[in-house]
Amino acid sequence: MEKLKEYQDFFTEYSFTRKEMVFFPGKFPSSILLILKGKVRVYLSYPHGKEFTLTILSPGDVYSGHTRTFGQALEPVSMASIPMEVFKEMLQKMPNLVFGLVGVLGDALRGSMDVIESLVFEEADVRLISLLLEWARHNGKPVPRGVEIKLDFTREEIASMIGSSRQTLNNLFRNLMNEQLIEVQNKSILIKDLDRMRHILRERKGE
């Protein structure tokens, strides 16, 4: 952290409220972004209002402003931007910084490939199950009855992530509840049996 202090004059700090746009294509074309507080949803946006989430940035994550992605605050966010040239100099003195950037961009790349595959090959129910399993793996909390996922998104936002309408999403949730796979609560989803959910996903993908 001491090494970072010598570069603090190059940092520009920003604050955002929940649901506010943090970045969009062209906003920070020559900067590296460092999340200081809060979570940011990174997503692609397509015509007709469709959105596909690539990754979620958390405090300490580093992201490049030179992308075609959008970023939305899921909660109050503090972020610093650093000129690309300054960041390159910082990497020479603090090479560990690159791991944070590579990790996040790797998640985003994997997310973009998932989006491409889902658009071409998968139905909405498969995309929803895949999304729930991904959330369970990254943010799920084991509880006596299964794995609990805290929801940071509205129904409309979740529907946009799988390329469907809110009505379709509600029907998909109802089907999964009827199959005794999940319970949908106010601000969370309980996955009752992860192994069975994975098995159903493989079946529906034809694997």
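Within each chain, residue numbers correspond to sequence positions counted from 1 in written order. Per-residue local features are limited, in this predicted model, to residues with pLDDT of at least 70; the limit for side-chain atom pairs, both in listing and counting, is 80 or more; totals at the level of whole chains, interfaces and linings are taken over all residues. Calculation of side-chain values draws on the structure's entire complement of heavy atoms; hydrogens and water are dropped beforehand.

- Where an unreviewed UniProt entry is consulted, the protein appears under the name Cyclic nucleotide-binding protein, with the organism given as Desulforamulus ruminis.

### Considering the nonpolar core
And then number 1: Among buried residues, the Ala, Val, Leu, Ile, Met, Phe, Trp, Tyr and Cys ones that are joined through side-chain atoms within 4.5 Å form a nonpolar core. The classification of residues rests on relative accessible area computed with a 1.4 Å probe and restricted to protein chains. Under 20% of the type maximum is buried, over 50% is exposed, and intermediate values are partly exposed. With 29 residues, the main nonpolar core has Leu 128, Leu 132, Trp 135, Ile 158, Ile 182 and Met 197 as its most contacted residues.
And then number 2: Working definition: helices are DSSP H or I runs of at least four residues, strands are E runs of at least two. Numbering for both runs from the N terminus. Residue assignment for this core shows that the elements contributing at least two residues are helix H4 (124–139), strand S10 (146–150), helix H5 (155–161), helix H6 (166–178), strand S12 (188–191) and helix H7 (194–205).
And then number 3: Among the elements that line this core, the one with the most residues is H4, at nine residues.
And then number 4: Should any heavy atoms of two residues lie within 4.5 Å, those residues are considered in contact. The residues touching Trp 135, leaving out its near neighbours within four places in the chain, are Gly 140, Ile 149, Leu 151, Phe 153, Ile 158 and Met 161.

### A closer look at the packing of H4 against H7
And then number 1: Where H4 contacts H7, the axes come no closer than 10 Å and their chain directions differ by 145 degrees. Crossing geometry of H4 relative to H7 is assigned as left-handed. Across the interface between the two elements, Asp 125, Val 126, Ile 129, Ser 130, Leu 132, Leu 133 and Ala 136 of H4 pack against Leu 194, Met 197, Arg 198, Ile 200, Leu 201, Arg 204 and Lys 205 of H7.
And then number 2: Its residues assigned to classes, the contact of H4 with H7 shows nine nonpolar, one polar and four charged. Every axis corresponds to a line fitted to the C-alpha atoms, with the helix fit spanning only the stretch in contact, and the corresponding angles, defined between N-to-C directions, vary from 0 to 180 degrees. Whether a crossing is left-handed or right-handed is set by the direction in which the near helix is turned from the far one by less than a right angle, anticlockwise for left-handed and clockwise for right-handed. Residues are grouped as follows: Ala, Val, Leu, Ile, Met, Phe, Trp, Tyr, Cys and Pro are nonpolar; Asp, Glu, Lys and Arg are charged; all remaining types, including Gly, are polar.

### Side note on the sheet that holds strand S11 (residues 182–184)
And then number 1: Reading across the sheet, the four strands line up as S9-S10-S12-S11 and stay open at both edges, with antiparallel pairing between neighbours. Across the chains shown, the open sheet's two edge strands, defined by having one partner strand only, are strand S9 (141–143) and S11. On average, adjacent strands in this sheet sit at an angle of 25 degrees to one another, irrespective of strand direction.
And then number 2: The sheet strands contacting H4 are S9, S10, S11 and S12, and the helix crosses S10 at an angle near 90 degrees. Two strands are counted as paired when DSSP detects at least two bridges linking them.

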